[in-house]
Amino acid sequence: MDEKKFEQLLLTVQKPGRYAGGEINSIIKDKEQVSVRFAFCFPDSYEVGMSHLGMKILYSLFNSKEDIWCERVFAPWPDFEKVMRDNSIPLFALESRDPIKDFDIIGFTLQYELSYSNILNMLSLAGVPLRSKDRDSLLPLVVAGGPCTCNAEPLADFVDVFFLGEGEKVDLEFIELYKEFKKNGKSKSEFLKAAAQIEGVYVPSLYDVSYNADGTVCAVTPKDDAPFPIRKRIEENLDETFYPESFVVPLIEIVHDRAVQEIFRGCIRGCRFCQAGFIYRPVREKSVETINRQAKALCLSTGYDEISLSSLSTSDYSCIEPLLNDMLDWTKEEKISLSLPSLRIDNFSEELLQKISSVRKSGLTFAPEAGTQRLRDVINKNITEEEILSSCRTAFKGGYTSVKLYFMMGLPTETDEDIKGIADLAQKIVDEFYHLENRPKGKSVNVSISVANFVPKPHTPFQFHPQITKEEMARKQQYLKDCIHTKKISFSYHENRTSFLEGVFARGDRRLGSVIEAAHKKGCKFDGWDEFFELDKWLEAFIECGIDPHFYANRERSYNEINPWDHLDYCVSKEFLISQNELAKGAITTPHCRKKCSVCGANVFGKGVCFEKR
Amino acid sequence: MFSERVFALKNVRLVYTKKGRLRFVSHLDMNRFMSRVIKRSRLPVWYTEGFNPHAYITFALPLSLGFESEYEILDIKLVDDNFDIAKIPDILNGICGEYINFFDVFEPTLKTGLIAAASYEISFDDGGEIFDKLSDFLKQDSIICSKKTKKGDIKQLDIAQKIKNMKIEQSDNNTVLHLTLPSGSEENLNPELLITAFYEANQKEYYCYNVLRTAVLDKEGKLFR
Ligand code: SF4
């Protein structure tokens, strides 16, 4: 399309900056000079996708190779989608504005289940056949990576190749192989067979799935020498792992608009509901020196005046004190503000606390996740009521007047007692404030409770549990509301209908592919956004396809059942997950990886926390 | 003893062009964009005091989203009196990318409140079709535009007398209109008003157009510096 016409059309939509490209540090190459063009697609809005660290890492990594040109693609907002469809503008990449159907590889990152309909919508906007089997030629290949690939099955019909685990190495090996096959004029099926031999590459079409009469998986059978199980990849030494020296700096405001410095991967804790805590094992840290060097480079190349540290739990970084000491010094000098998400400050030195207090401005937040100690033990969340109360006391003395608490509802073994415990804990914090003699004068306290719906996820000890129904969830929410007796406590919760769909896809199998396609045809998109989510259409799609969504979400799974994701090996053994689930039933906690190794299986990599001296 | 000079801030005015893909950056977003560019440049600029210090920058005259410009004014303050300001454009151009080009730098002669007008070049992708109609439209003694007031009401406004330096050209593919309109804190007329009024009056096929701000002027009609 003519550039002028295109830009005029842009002026007719909201936030044209989403589609304009031209950001500082975005990468333009000569398309004649590269051998592989990669369309990196984030199946959500520009503002969400541009905030995502994984995309920034891979974008820079791919473009650091001379013969690869990686460009960004986001899901167009519905207003622009209409303009695109009305004017026959195919989905294009931001940098070159070329249609992505002409690219070698179209890669999606799967961050949450509710983006699946957007993936289909983006393929359809691109003019690419949705189903893998309808795309005969080698190009474009449709690939996907990211956390949701740990149960990639619902998308198996659409995606040619999934990458399991961390992408840095496997993606490049894959692209190298692709280059060779493309040059030699090989077919798509020849290439896929060869690619399947790369560790971390999962080619779903090379596995047949059969089902039992009761609907559960009977067997997953590899073909053409494809490996079984398929093991995830990790970066073994994070100090040597590629990290971008610059980020594309967006021209419009996005969700997280700042420099982000990764400090470690994985989490030592092992909270039993948390998928990230299992699929990113084992914990591997960057050194203080690496972190400082990378963070400085990033600030220098972007001009950001804010940097945040990224990990699953900042406080668990083993050298947090020396790290903060260094970072607080140079960021202050450079007039950069350091943001420290949810940091436990209990055992910091007086001097460090002083320094932190000069930058810390975010509110006081805790994630007890459950309302009673019993349930916290069930989920292995080791934070006690006394810890929360004493931190609140300290904070109130320091002038804070609001506290935010995060909980989950619908956890295994949960009773109304546990729900009431949420309100009780909040009430105790309110009381704590009024018992304090030197509390902030003339001010009132506000405790806000935010409750998410628990969704059982694959590769966690709770993968066997039924998700509670929407109706039961609504009842619990109402009950919690009834337990709150003061305006000083505010309460917010998640949309139950989206959690239900999330639960279906999280533990779904290949048969859900037809449902996703049917829902897409009905116009489902942006399901993670309340204003666009239409459960009715989804339910119609399930009925049309003869599939019962409750089978996936609300059914207890036996330990012997073959789960749709069991052949995807995230190196945390099923035996370990089972034993963790049994401990949960008895409300018995498990110490974290630094206290004691619980032999989960992740030590097969020979690296990380599993080999630290204890 | 501190000498006075240590604290004296030097006002510096920069002029740049903003084109191509950067047209889609709103005025508010431009503020953030330039703050980051200035931060990356490591120029000795003055930072505001306080909890979140940021580089002090001011834009003399906001530019509408979608417009290109050949004369955008950015004011900064330097803390180093001896800094060779002639170097600044090159330093910033090395950071900004291809859609921004700093081409002039000087110590300001006028306060930004003294901006009185701006000149535009509006080119229509009409294949020369609308030249006659547009010429007739602009020859009228009274040209009524609808303008939104600050309160949100629509006001009818005759802008015929306010248009200055008007010229229309016709080429094979385009009709190009040059004109100057009041601009600044006292009175501000966006050329979109005129274009909308023209399209409404003609109820004819709509043609794409591009608006380029070519100059910012003072009361005497001289280039604002
Ligand atoms: S093997 Fe042990 S130390 Fe390593 S991740 Fe598993 S539980 Fe933690």
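Just so it is clear, the model here is predicted, and its values are computed rather than measured. Throughout, residues of each chain are indexed from 1 in the direction in which the sequence is written. Written order decides the labels, with chains lettered from A and ligands numbered from 1. Two thresholds apply to this predicted model, a pLDDT of at least 70 for residue-level local features and 80 or more for giving and counting side-chain atom pairs, whereas whole-chain, interface and lining totals are computed over all residues. As a rule here, side-chain values cover all heavy atoms of the structure and leave hydrogens and water aside.

**Q** Honestly, the overall build of chain A in this entry has me stumped. Any pointers?
**A** Helix and strand assignments follow DSSP, with helices taken as H or I runs no shorter than four residues and strands as E runs no shorter than two, numbered in order from the N terminus. Looking only at helices and strands, chain A features 21 helices and 19 strands. A compact globule built from 614 residues would reach a C-alpha radius of gyration of about 25 Å, and chain A, at 25 Å, matches this within 12%. A principal-axis box enclosing the C-alpha atoms of chain A has dimensions of 75 × 65 × 55 Å. Within chain A, the fraction of its 614 residues that count as buried is 58%. We get accessible surface area from the Shrake-Rupley algorithm with a probe of 1.4 Å; when it comes to residues, only the shown protein chains can shield them. Of the accessible surface of chain A, which amounts to about 23900 Å², a share of 51% is contributed by carbon and sulfur atoms. Each radius of gyration reported is based on C-alpha atoms, and the globular scaling rule is 2.2 Å times the count of residues to the power 0.38. A simple rule labels every residue: compare its accessible area, found with a 1.4 Å probe on the protein chains alone, to the largest value its type can have, and call it buried under 20%, exposed over 50%, or partly exposed in between.

**Q** Explanation requested: the pairing of strand E3 (residues 105-109) of chain A in the structure shown.
**A** The two faces of the sheet receive side chains in turn, since in a regular strand these alternate between them. All names here are of chain A. With respect to burial, E3 is a largely interior element, 5 of its 5 residues being buried. Because side chains alternate across E3, one face comprises the buried residues Ile-105, Gly-107 and Thr-109, and the other comprises Ile-106 and Phe-108, equally buried. Pairing of E3 with strand E4 (residues 141-145) involves 5 bridges; the strand directions are parallel. Note on E4: the bridge partner recorded for Ile-105 is Leu-141. Handedness is read with the strands pointing away from the viewer; a crossover is right-handed when the path from the first strand over the helix to the second is clockwise. The parallel pair E3 and E4, bridged by helix H6 (residues 116-126), forms a crossover whose chirality is right-handed. For two strands to count as paired, DSSP must find a minimum of two bridges between them.

**Q** What should I look at first to understand the sheet that holds strand E16 (residues 402-409) of chain A in this one?
**A** All names here are of chain A. If you walk across this open sheet you meet the 4 strands as E15-E16-E17-E18, and the pairing is parallel. Sheet topology places strand E15 (364-369) and strand E18 (489-493) at the edges, where each strand pairs with a single neighbour. Each strand of the sheet is rotated relative to its neighbour by a mean of 20°, with strand direction disregarded. Fitted lines through C-alpha atoms give the axes, limited to the stretch in contact for helices. The angle between two N-to-C directions lies from 0 to 180 degrees.

**Q** Honestly, the domain arrangement of chain A in this entry has me stumped. Any pointers?
**A** One widely used convention gives an interface's size as the accessible area the parts lose upon coming together. Residues and elements named next belong to chain A. All domain edges in this entry derive from an automatic or database-based domain assignment. Per the domain assignment, the segments making up chain A are domain 1 (3-231) and domain 2 (259-507 + 557-604). Residue contacts are counted whenever heavy atoms from the two residues lie within 4.5 Å of one another. The interface of domain 1 with domain 2 comprises 26 residues on the first partner and 29 residues on the second. Across the domain 1/domain 2 interface, buried area totals approximately 2400 Å², and carbon plus sulfur atoms make up 61% of it. Accessible-area loss on putting two parts together, using a 1.4 Å probe and summing over both, is the definition of buried area adopted here. Considering only the side of domain 1, the residues that lose the most area to domain 2 are Glu-113, Cys-150 and Glu-166, jointly responsible for 25% of the buried surface there. One side-chain nitrogen of Lys or Arg within 4 Å of one carboxyl oxygen of Asp or Glu is enough to make a salt bridge. Across the contact surface, domain 1 and domain 2 share 4 salt bridges.

**Q** Is there a simple way to explain the confidence of the model for chain B in this structure?
**A** Atomic detail in the predicted coordinates should be set aside for any region of low pLDDT. Residues and elements named next belong to chain B. Summary of the metric used: pLDDT quantifies the predictor's per-residue confidence within the range 0 to 100. Of the residues in chain B, 96% have a pLDDT of 70 or more, and the chain-wide mean is 91. Counted against residues more than four places away or in other chains, residues 1-5, with its pLDDT under 50, gives 3 contacts. Overall fold confidence for the complex sits at a pTM of 0.94, while the interface term, ipTM, reaches 0.89.

**Q** Please explain unusual backbone geometry as it appears in this structure.
**A** Residue and element names in this part refer to chain A. With an omega of 0°, the peptide bond between Leu-139 and Pro-140 qualifies as cis. The residue Pro-140 is located in the loop between H6 and E4 in this model. The linkage connecting Phe-228 with the following residue, Pro-229, adopts the cis geometry, with an omega of -10°. Tracing the chain through its elements places Pro-229 in the loop between strand E8 (217-222) and strand E9 (230-231). Backbone geometry at Lys-335 places phi at a positive 55°, although glycine is not the residue there.

**Q** Explain the pattern of salt bridges here, please?
**A** Pairs can form between side chains of opposite charge once their charged atoms are near each other. All names here are of chain A. In total, this model carries 67 salt bridges over all chains according to the counting rule given. Note that Glu-582 and Lys-585 form a salt bridge whose closest N and O atoms lie 3.1 Å from each other. Highlighted residues: Glu-582 and Lys-585, both in helix H21 (residues 574-585), separated by 3 residues, approximately one helical turn. For Lys-585, a relative accessible area of 48% gives the class partly exposed. The network of salt bridges with shared partners includes Glu-166, Glu-168, Glu-262, Arg-265, Arg-284 and Lys-286.

**Q** Would you take a moment to explain the domain arrangement of chain B for this structure?
**A** Residues and elements named next belong to chain B. With domains assigned, chain B is organised as domain 1 (10-108) and domain 2 (114-217). Contact residues are listed per partner, giving 15 residues for domain 1 and 15 residues for domain 2. Each partner contributes to the roughly 1100 Å² buried at the junction of domain 1 and domain 2, and carbon and sulfur atoms together form 57% of this total. Our count for the domain 1 to domain 2 interface comes out at 1 salt bridge. Notably, a salt bridge pairs Arg-213 with Glu-72, separated by 2.8 Å at the nearest N-O pair. In the analysis that follows, any N or O atom pair within 3.5 Å is treated as a polar contact, provided that within protein one partner can donate a hydrogen and the other can accept it, and provided that, for residues neighboring in sequence, both atoms belong to side chains. For the pair domain 1 and domain 2, the interface holds 9 residue pairs in polar contact (both at pLDDT 80 or more). Of the residues that constitute the side of domain 1 that touches domain 2, the class distribution is 7 nonpolar, 3 polar and 5 charged. When residues are sorted by character, Ala, Val, Leu, Ile, Met, Phe, Trp, Tyr, Cys and Pro go into the nonpolar class, Asp, Glu, Lys and Arg into the charged class, and all the rest, Gly among them, into the polar class.

**Q** Can you help me understand the side chain of Asp-98 of chain A in this one?
**A** All names here are of chain A. Its location among the elements puts Asp-98 in the loop between helix H5 (78-86) and E3. Among the polar contacts made by the side chain of Asp-98, one reaches the side chain of Lys-31 at a distance of 3.0 Å. When near neighbours in sequence (up to four residues on either side) are disregarded, Asp-98 contacts Lys-31, Arg-37, Leu-91, Phe-92, Ala-93 and Phe-103.

**Q** Looking at this model, I keep getting lost on the interface of chain B and chain A. Mind explaining?
**A** Between chain B and chain A, the residue contacts involve 28 residues of the former and 35 residues of the latter. Of the roughly 2700 Å² buried between chain B and chain A, counting both surfaces, carbon and sulfur atoms make up 55%. The largest contributions to the chain B side of the interface with chain A come from Arg-21, Phe-24 and Arg-36 of chain B, which together make up 30% of the buried area. Applying the counting rule to chain B against chain A returns 6 salt bridges. The residue Glu-334 of chain A makes a salt bridge to Arg-42 of chain B at a minimum N-O spacing of 2.8 Å. Applying the counting criterion to the chain B and chain A interface returns 10 residue pairs in polar contact (both at pLDDT 80 or more). Where the side of chain B that touches chain A is concerned, the elements lending two or more residues are helix H1 (27-41), helix H2 (88-96) and strand E10 (209-217) of chain B. Per-element tally for the side of chain B that touches chain A: the top contributor is H1 of chain B, with 7 residues. By residue class, the composition of the side of chain B that touches chain A is 15 nonpolar, 4 polar and 9 charged.

**Q** Help me understand the nonpolar core, please; the structure alone is not making it clear to me.
**A** Core analysis: the biggest nonpolar cluster contains 113 residues, and Phe-62, Ile-100, Phe-108, Phe-174, Phe-191 and Trp-538 of chain A have the highest contact counts within it. Counting residues domain by domain, this core receives three or more from each of domain 1 (3-231) and domain 2 (259-507 + 557-604) of chain A. As used here, the term nonpolar core means buried Ala, Val, Leu, Ile, Met, Phe, Trp, Tyr and Cys residues forming a set that is joined through side-chain atoms within 4.5 Å. Among the nonpolar cores identified, the runner-up in size contains 38 residues, and Leu-63, Ile-115, Ala-160 and Val-216 of chain B belong to it.

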